[in-house]
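For reference, the chains in residue letters:
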Amino acid sequence: MRLKNSFLLILTLAILGLFVMNCEGPAGKDGVDGVDGVDGLDGTPGVAGNLVCIECHNTAKKDGITGAYQTSGHFAATTLNRGGSQSCARCHGNEGFVETQFTGQDTTATAFTIVTPISCGTCHDFHNSLDFENDGPDYALRATHPVALIIDPTVIVDFGSSSNTCANCHQARTNEPYAANVAASAPTDSFTVTSTHYGPHHGPQSNLLSGNGFAELAGTMAYPTESSHLAAEATCVTCHMGENANGVGGHSWHTSLANCTAACHTGITSFDNNGAQTAIVAQLEELKVLLQTAGIVDDAGHVVKGTYPMVTAQSFFNYIAIEEDRSKGVHNPAYAKALLTNSIEAMQ
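Residues numbered from 1 in each chain as written. Predicted model: local features only at pLDDT ≥ 70, side-chain atom pairs only at ≥ 80, totals over all residues. Heavy atoms only, no water.

### A few points about a negative patch on the surface
A cluster of like negative charges, contributed by Asp30, Asp33, Asp36 and Asp39, occupies part of the molecular surface. One can find Asp33 in the loop between α1 (2-21) and α2 (51-54). Residue classification places Asp33 among the exposed positions, given a relative accessible area of 71%. (Patch = residues over 30% accessible without salt bridge, like charges linked within 9 Å, V, L, I, M, F, W, Y side chains within 5 Å. Areas by Shrake-Rupley, 256 points an atom, 1.4 Å probe, with all protein chains shown as cover. Salt bridge = Lys/Arg side-chain N within 4 Å of Asp/Glu carboxyl O. Lys, Arg positive; Asp, Glu negative; His and termini not counted. Charge placed at Lys NZ, Arg CZ, Asp CG, Glu CD. Helix = DSSP H or I, 4+ residues; strand = E, 2+ residues; numbered from the N terminus. Buried < 20%, exposed > 50% of the residue type's maximum accessible area, 1.4 Å probe, protein only.)

### Some details on the pattern of salt bridges
Tallying each qualifying case throughout the model produces three salt bridges. Asp106 is the partner of Arg90 in a salt bridge, and the nearest nitrogen-oxygen pair spans 3.1 Å. Of the two residues, Arg90 sits in helix α5 (residues 89-92) while Asp106 sits in the loop between α6 (94-103) and α7 (120-123), which places them 16 residues apart along the sequence. Between Arg173 and Asp106 there is a salt bridge whose closest N-O contact spans 3.0 Å. Note that Arg173 is positioned in the loop between α9 (161-167) and α10 (177-183) and Asp106 in the loop between α6 and α7, a separation of 67 residues in sequence. Residue Asp106 is classed as partly exposed on the basis of its relative accessible area, which comes to 25%.

### Overview of the state of the cysteines
Summed over the entire model, instances satisfying the criterion amount to one disulfide. The partner cysteine of Cys91 in its disulfide is Cys169, sulfur to sulfur 2.2 Å. The sign of the -95° torsion about the S-S bond sets the Cys91-Cys169 disulfide as left-handed. Placement of Cys91 in helix α5 and of Cys169 in the loop between α9 and α10 is noted, with a sequence separation of 78 residues between them. Judged by its relative accessible area of 24%, Cys169 falls in the partly exposed class. There is no disulfide at Cys239, and the cysteine sulfur nearest it, in Cys260, is 3.8 Å away. (Disulfide = S-S within 2.5 Å.)

### Examining the nonpolar core
The biggest cluster of nonpolar side chains holds 30 residues, and the ones touching the most others in it are Leu291, Ile296, Phe316 and Ile322. Secondary structure elements with two or more residues in this core: β3 (190-193), α15 (276-294), α16 (310-325) and α17 (333-347). The element that contributes the greatest number of residues to this core is α16, accounting for eight residues. In this structure, Ile322 is in contact with Phe214, Ile280, Leu284, Ala336, Leu339 and Leu340, ignoring residues within four places of it in sequence. Formed by nine residues, the second largest nonpolar core is a distinct cluster that contains Ile151, Val157, Ala167 and Ala172. (Core = buried A, V, L, I, M, F, W, Y, C linked by side-chain atoms within 4.5 Å. Contact = heavy atoms within 4.5 Å.)

The quantities given are spatial measurements derived from coordinates; they are silent on function.
Given below as structure tokens:
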């Protein structure tokens with residue numbers, strides 16, 4: 001009997017507990033409202049927030065840029081095999097350029113076994129700001145800062161943010177003979193060519209444009225203190241980009257005569273303005289013959305290894321640097337003319 005009563009008591013308490021747990025009392029009074037937040041900035045009336053992005057980030061524009069890029073030398077990637085080398089990766093492949101832009105070093109930490117070609121993500125990263133109205137379009141370029149020349153880091157060139165991207169790679173990697181010997185504490189009356197590929201490297205455009213890194217031999221022509229193009233604020237982007245049409249301009253980087261006429265040279269019909277390119281080509285040929293006579297250049301136009309008088313080595317350096325600049329002097333006409341004129345006189 002006692003056991004039965006105890007069971008009934010426990011069962012009753014359990015039911016009461018369930019009843020209490022499932023019942024709520026009346027709601028309390030509402031608390032005091034919090035402080036209002038700060039109003040956001042008004043948007044442009046009638047403009048959706050992402051329209052500023054799709055002005056550039058749209059299929060039509062992307063296809064146009066891609067089509068132009070596929071006609072460029074960068075897309076051809078003919079020198080990609082050098083992109084795995086620690087000393088060459090900075091400019092010959094995507095991985096090396098991205099790494100050295102982050103580290104600020106001239107070489108990569110290690111060699112690369114797999115290298116991908118230069119592509120959109122090589123030069124473009126993230127926008128510094130999305131306030132294009134006040135800050136202007138930055139094109140998300142990762143290399144807009146002024147560039148220290150590899151041959152002399154104390155010389156800083158600043159062609160303007162977009163053109164500085166080009167200057168990172170389009171510059172000499174070897175100093176002219178006299179300066180090279182001084183740096184190596186070697187005699188300065190002669191110079192030894194140890195490689196059949198000796199020269200400033202294959203793209204010294206920034207050096208010619210800025211007037212740095214050549215052998216400024218004494219002669220009848222004075223060297224200009226500033227490039228006429230830089231004085232007119234015309235740099236890489238001015239002439240090599242702009243609107244892409246008829247296979248030039250844009251991301252083809254093939255020089256656009258229309259850009260040049262719009263910016264400065266109204267009315268010209270070719271890049272050989274006033275015969276300037278014709279004159280430079282003639283001087284290059286004249287200097288080449290003198291260098292062949294001196295034995296530093298062979299019949300095929302290649303440098304010959306050996307030890308030469310310093311002035312001969314310097315004259316060759318000027319010859320091959322202007323040859324491999326490939327603008328026929330356009331990047332800095334007066335400077336190119338002075339270099340060749342004085343080199344020819346020195347060799348004569």
